[in-house]
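# Architecture and fold: a report
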Amino acid sequence: MTQVQHVAPGERVGVLDELRLLAALAVMLFHFGFRGKTLGVTEMTLPAWISVLKYGYLGVQMFFVISGFVIAYSAEGRTPMQFAIARFARIYPMFVLCMTLTFLIVVIFGAPQINATVSQWAANLLVQPELLGQQVIDGSYWSISYEVVFYGWVFVLMTLGGFKRRLYPAIIVGWLLVSIIDRAFFANPLMRHLALTDESGFFCIGLVFYAVFREGYTLRNFVLLVLSVAVALHQSLEMAQWNRENYGVGYSDLVVSISCLAIVAIVALAIKRQRSLLPGGMMLALGGISYPLYLLHQHIGYVIFNKVGATASPEAVIAVTVLLLICISYLLWRFFDEPSRRLIRSVLTRLFDNGFYLSRPKKGTSGAE
């Protein structure tokens, strides 16, 4: 039996910050060393490392597991509107800034390989530009739309009084069952977007981890974890098949399965450990830069590669680009992220202060944002 964790409100599960950065770097190297060349938007590639880098997309699945845990953590002790304001302030200002920077750089320097339009930028302000018939400014943003849908369902359940730990079994089993039925018999695009039926297993793993974090590995939590991992493995193998067809390269089902199990084990160990070995300031910085780094890296990186060309070895160009984007991400986190979050939270809290959602007593909030 795992020892039940009692973490004071406002205290961070710090080691998750390092995992966020690790996941962002994995996705970045997948894009830089493999995907860009495969899609024909750049000639830059790392052929000697493709057999490893082609699996870097699984960093997104690590994000989803972490998100399931963090959202459950941050929702506890909050009213629905407090949760919504915290999520909006955390995600949207940085998204708009990084999306706009990407748009400007692509418009000025991206042609002919990469292009963007003002109407495309405007549609991306919705995070779901497909609703207006436009494409995302950067392909990485698909996972942000999944996160937003997940937040939306959590908000709905909180509003209905249904997002509570004692109800997690019903939520998780119901979500997994809907996902299995949809993927097995319908593969409906609308269900995929509304119920995240191709990634639900990973979010559910995070929800189970939060229950374990508070209650330990009870029989119920262990069964829920096994069910969630089983569905996540099936979904990851579906994704591997899509990658085979889309990129025209081979993927090992065994490697994908082992990698997903490793992700589950790593996040579980991180949550059990809770605190990082790194100093608090460095821990916060690592966690803080992961989000802008994820938002900025792909198309800006491709633009840099296309302008720099073969002036140096691919390894050197990619390494310098990664370092440059990390520095830019740090500056955005250091000077924009927290001020914008404070401002948005303050404005929205005052706006809704007299409403039902914010009038209920606040029991305490989480530092897991």
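Definitions and limits used
- Residues numbered from 1 in each chain as written.
- Predicted model: local features only at pLDDT ≥ 70, side-chain atom pairs only at ≥ 80, totals over all residues.
- Heavy atoms only, no water.
- 1 Å grid on protein atoms, 1.4 Å probe; cavity = no way out; pocket = protein on both sides within 12 Å on 5 of 7 lines; lining within 4 Å.
- Points joined across faces, edges and corners; volume = space filled by probe spheres on them.
- Helix = DSSP H or I, 4+ residues; strand = E, 2+ residues; numbered from the N terminus.
- Nonpolar A, V, L, I, M, F, W, Y, C, P; charged D, E, K, R; others polar.
- Salt bridge = Lys/Arg side-chain N within 4 Å of Asp/Glu carboxyl O.
- Buried < 20%, exposed > 50% of the residue type's maximum accessible area, 1.4 Å probe, protein only.
- Patch = residues over 30% accessible without salt bridge, like charges linked within 9 Å, V, L, I, M, F, W, Y side chains within 5 Å.
- Areas by Shrake-Rupley, 256 points an atom, 1.4 Å probe, with all protein chains shown as cover.
- Lys, Arg positive; Asp, Glu negative; His and termini not counted.
- Polar contact = N/O pair within 3.5 Å; in protein donor to acceptor, adjacent residues only side chain to side chain.
- Phe/Tyr/Trp six-rings, centres within 6.5 Å; stacked < 30°, edge-to-face > 60°.
- Lys NZ or Arg CZ within 6 Å of the ring centre and 35° of its normal.
- Core = buried A, V, L, I, M, F, W, Y, C linked by side-chain atoms within 4.5 Å.
- Contact = heavy atoms within 4.5 Å.
- Expected span 1.5 Å × (residues − 1).
- Bend = angle between axes of the 7 residues up to and from the residue.

## Things to note about the layout of surface pockets
Taken as a whole, the largest pocket encloses approximately 1,100 Å³ of empty space. As for the largest pocket, its lining consists of 45 residues, of which Arg35, Gly139, Trp142, Trp242 and Tyr247 are closest to the centre. Elements with a minimum of two residues in the lining of the largest pocket: α1 (15-39), α3 (59-75), α6 (142-159), α8 (189-195), α10 (219-247) and α12 (280-308). Among the elements that line the lining of the largest pocket, the one with the most residues is α10, at 7 residues. Among the residues forming the lining of the largest pocket, the class breakdown is 21 nonpolar, 16 polar and 8 charged.

## A word on the pattern of salt bridges
Under the defined criterion, the tally for this structure stands at 11 salt bridges. A salt bridge links arginine 20 to aspartate 17; the nearest nitrogen and oxygen atoms lie 2.9 Å apart. Pair noted here: arginine 20 and aspartate 17 are both in helix α1, with a separation of 3 residues, about one helical turn. Overall, the relative accessible area of 10% leaves arginine 20 in the buried class. For aspartate 17, a relative accessible area of 1% translates into the label buried. When the shortest N-O distance is used, the salt bridge between arginine 214 and glutamate 76 registers 3.4 Å. With arginine 214 in helix α9 (residues 200-215) and glutamate 76 in the loop between α3 and α4 (80-110), this pair connects stretches of sequence that are 138 residues apart. Salt bridges sharing common partners tie together Glu76, Arg165, Arg214, Glu215 and Arg220.

## Points about a nonpolar patch on the surface
A cluster of nonpolar side chains, namely Val173, Leu219, Phe222, Val223, Val226 and Leu227, defines an oily patch on the protein surface of about 530 Å² accessible area. Ranked by the residues each element gives to the nonpolar patch, the list is headed by α10, at 5 residues. By secondary structure assignment, the location of valine 223 is in helix α10.

## A closer look at the side chain of aspartate 198
When you line up the elements, aspartate 198 lands in the loop between α8 and α9. One buried charged residue, aspartate 198, remains without a salt bridge, the closest side chain of opposite sign being arginine 192 at 4.2 Å. Of note is the side chain of aspartate 198, whose polar atom sits 3.0 Å from the side chain of tyrosine 146.

## Quick word on the packing of aromatic side chains
Going through the model one piece at a time under the given rule, you end up with 30 aromatic pairs. On the numbers, 5.4 Å between centres and 80° between planes, the contact of phenylalanine 34 with tyrosine 247 is edge-to-face. Here tyrosine 247 lies in helix α10 and phenylalanine 34 lies in helix α1, a separation of 213 residues in the sequence. For the residue pair phenylalanine 34 and tyrosine 247, the accessibility class agrees, reading buried in each case. Each residue in the set Phe30, Phe34, Tyr55, Tyr57, Trp242, Tyr247 and Tyr251 is aromatic and connected to the rest through ring pairs, giving one cluster. Taking the ring centre of tyrosine 151 as reference, the NZ or CZ of arginine 87 above it sits at 5.2 Å. One Lys or Arg, arginine 334, reaches over the ring of phenylalanine 335 and ends 5.2 Å from the middle of that ring.

## Here's the deal with empty space enclosed by the protein
Summed over the entire model, instances satisfying the criterion amount to 4 cavities of 30 Å³ or more. The computed volume of the largest cavity comes to approximately 310 Å³. Taken together, 18 residues line the largest cavity, and the ones lying closest to its centre are Arg20, Phe63, Glu147, Tyr151 and Tyr291. Of all the elements in the fold, those that place two or more residues in the lining of the largest cavity are α3, α4, α6 and α12.

## Things to note about the nonpolar core
The biggest cluster of nonpolar side chains holds 104 residues, and the ones touching the most others in it are Leu16, Phe69, Phe150, Phe163, Phe209 and Val267. In terms of residues, this core owes the most to one element, α3, which gives 12 residues. For phenylalanine 150, the residues in contact, after removing those within four places along its chain, are Ser67, Gly68, Ile71, Trp175, Leu196, Phe203 and Leu207.

## What to know about α1
In this model, α1 (25 residues) spans 34 Å end to end at C-alpha, consistent with the 36 Å of a helix rising 1.5 Å per residue. At histidine 31, α1 shows its maximal bend, which comes to roughly 45°. Among the 25 residues of α1, 18 are classified as buried, and the element is accordingly described as predominantly covered. Trailing α1 by a residue or two, glycine 40 shows a phi angle of about 80°, which is positive.

## Looking at the environment of alanine 195
Turning to its location among the elements, alanine 195 is positioned in helix α8. By relative accessible area, which is 14% here, alanine 195 ends up buried. Setting aside residues up to four positions removed in sequence, alanine 195 forms contacts with Trp175 and Ser200.

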